[in-house]
Amino acid sequence: MNRTSVQDRQVVAAINRRTDAGLTATGRALFGKLGGAIYAEWPDGRPAVVTRFMGSPAEARRTAETLAYVKDRGLPVPHHELVVEVDGEVYFVQERLPSAPPQRLSPARMEAIVAVNDRFADALAARPEVPAPPQCRTGDPDPRHEVLAGHGPRSRRVLEQILRITRQAPQQMPGADLVHIDLSGANVLFDEDGTATGVVDWNLGAYRGDRLFALVQTRFDREWFVRSPDADPIETAAAHRLDEILAERIPADTLRLYWAQWMLHQLHRAIRTAPPEAIDWHLDLAESRLA
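Residues numbered from 1 in each chain as written. Predicted model: local features only at pLDDT ≥ 70, side-chain atom pairs only at ≥ 80, totals over all residues. Heavy atoms only, no water.

Student: Give me the overall build of the chain: which residues, what numbers.
Tutor: Within the chain, the secondary structure is distributed over 9 helices and 9 strands. For a compact globule of 291 residues, the expected C-alpha radius of gyration is about 19 Å, and the chain comes in at 19 Å, within 12% of that figure. Projected onto its principal axes, the C-alpha positions of the chain cover 55 × 45 × 40 Å. Going through the 291 residues of the chain one by one, you find that 49% of them count as buried. Expressed as a percentage of contacts within the chain between residues at least 6 apart in sequence, the contacts between residues at least 24 apart total 70%. Element-wise, carbon and sulfur atoms account for 50% of the exposed surface of the chain, whose accessible area totals about 13,900 Å². Side-chain charges in the chain split into 35 positive and 40 negative, and the spacing between the mean points of these groups amounts to 3 Å. (Helix = DSSP H or I, 4+ residues; strand = E, 2+ residues; numbered from the N terminus. Rg over C-alpha atoms; globule rule 2.2 N^0.38 Å. Buried < 20%, exposed > 50% of the residue type's maximum accessible area, 1.4 Å probe, protein only. Contact = heavy atoms within 4.5 Å. Areas by Shrake-Rupley, 256 points an atom, 1.4 Å probe, with all protein chains shown as cover. Lys, Arg positive; Asp, Glu negative; His and termini not counted. Charge placed at Lys NZ, Arg CZ, Asp CG, Glu CD.)

Student: Just give me the short version of the sheet that holds strand β5 (residues 89–95), but keep the residues and values in it.
Tutor: Taken in spatial order, the 5 strands of this open sheet run β1-β2-β3-β5-β4, and their pairing is antiparallel. Strand pairing shows two members of the sheet lacking a second neighbour, β1 (24–28) and β4 (80–86), which therefore form its edges. This sheet shows a mean twist of 30 degrees between the axes of neighbouring strands, independent of strand direction. Taken together, the 6 bridges between β4 and β5 define a ladder with antiparallel strand orientation. (Pairing = 2+ DSSP bridges. Axes fitted to C-alpha atoms, helices over the stretch in contact; angles between N-to-C directions.)

Student: A description of the nonpolar core should follow, citing residues and the corresponding values.
Tutor: The biggest cluster of nonpolar side chains holds 65 residues, and the ones touching the most others in it are Val70, Leu178, Trp202, Trp259 and Leu290. Among residues more than four places away in sequence, those in contact with Leu178 are Thr66, Leu67, Val70, Phe120, Ala123, Leu124, Trp202, Ala206, Tyr207 and Arg211. Of all hydrophobic cores here, the second largest spans 16 residues; its members include Val11, Leu23, Trp42 and Val93. (Core = buried A, V, L, I, M, F, W, Y, C linked by side-chain atoms within 4.5 Å.)

Student: Hey, could you go over helix α3 (residues 107–118) for me, with residue numbers and the actual values?
Tutor: The terminal C-alpha atoms of α3, which comprises 12 residues, lie 17 Å apart, in line with the 16 Å expected from a rise of 1.5 Å per residue. Within the sequence span of α3, burial applies to Met110, Ala112, Ile113, Val114, Val116 and Asn117. Looking at the buried residues of α3, the elements they touch are β7 (188–190), β8 (196–199), α6 (212–226) and α7 (233–249). (Expected span 1.5 Å × (residues − 1).)

Student: Give me helix α5 (residues 153–166): which residues, what numbers.
Tutor: Side chains three or four residues apart in an α-helix point the same way, a direct result of the helix having 3.6 residues per turn. For α5, which comprises 14 residues, the first-to-last C-alpha distance of 20 Å matches the rise-based estimate of 20 Å (1.5 Å per residue) to within 8%. Those residues of α5 that fall on the buried side of the exposure criterion are Ser155, Val158, Leu159, Gln161, Ile162, Leu163, Ile165 and Thr166.

Student: Residue-level account of the environment of Pro43, with values.
Tutor: Turning to its location among the elements, Pro43 is positioned in the loop between β2 (38–41) and β3 (47–53). In this structure, the C-alpha to C-alpha distance between Pro43 and Ala21, residues 22 residues apart in sequence, is 8.1 Å. In contact with Pro43, other than residues within four places in its own chain, are Ala21 and Gly22.

What follows is the structure, encoded as structure tokens:
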């Protein structure tokens, strides 16, 4: 047993001690940017997934309740059965949906991601208390501004552009859609026919607003593939197809605002954690999308 398997079993054992769930760890997901998912099994044989929530217990419970609400109305999201605190961290134990994430995104699969995201339209019309995505909340002062301002002249110019754009933003993102703020290709499940069947990994929360905002993050995520030294032409074509969809479906000013909000978030993280070459392409992308 490798070290990761030991850690996974320890997490599942701790959840069992807290809840008497009786789960058994059975493996690990191949994909996942936030530490991956632990596959588990209930005593009755039902498959489950254990994932870490990147927030407070209260926020995790709100997310689980919001997803239960939309799942009851037929949306393709997993039921989150338990919210458990273990050693200062918060975990979900959730339903394991059938199918799997794609190992490669084609233009057709990108269109399928857009289509499944469209099913979230007006899903929270009766739930005005669900908050807007955190990327869209403004505060003065914002610690992210200081990070961009202190990195160098180029990031300061990008920050000035972001501030000019976001000052025109409404206080609250309009819309009553369900918004997934990490809508990457790895978080959409597909069946054998290439149909998108489920949206998973809500470990950054579930929010209310414009579902098309999530697709800007989807496009940002594809930039890692586009800029790879051995970029796959099919993956590149998928990214370009999403660019076309974004331009067709989001007014130019709104699209620029969404890119500004996402790039503030992503640049702040890159400057703090990424190597210089990754920071440079973040700045390249920000300059091109905010112009």
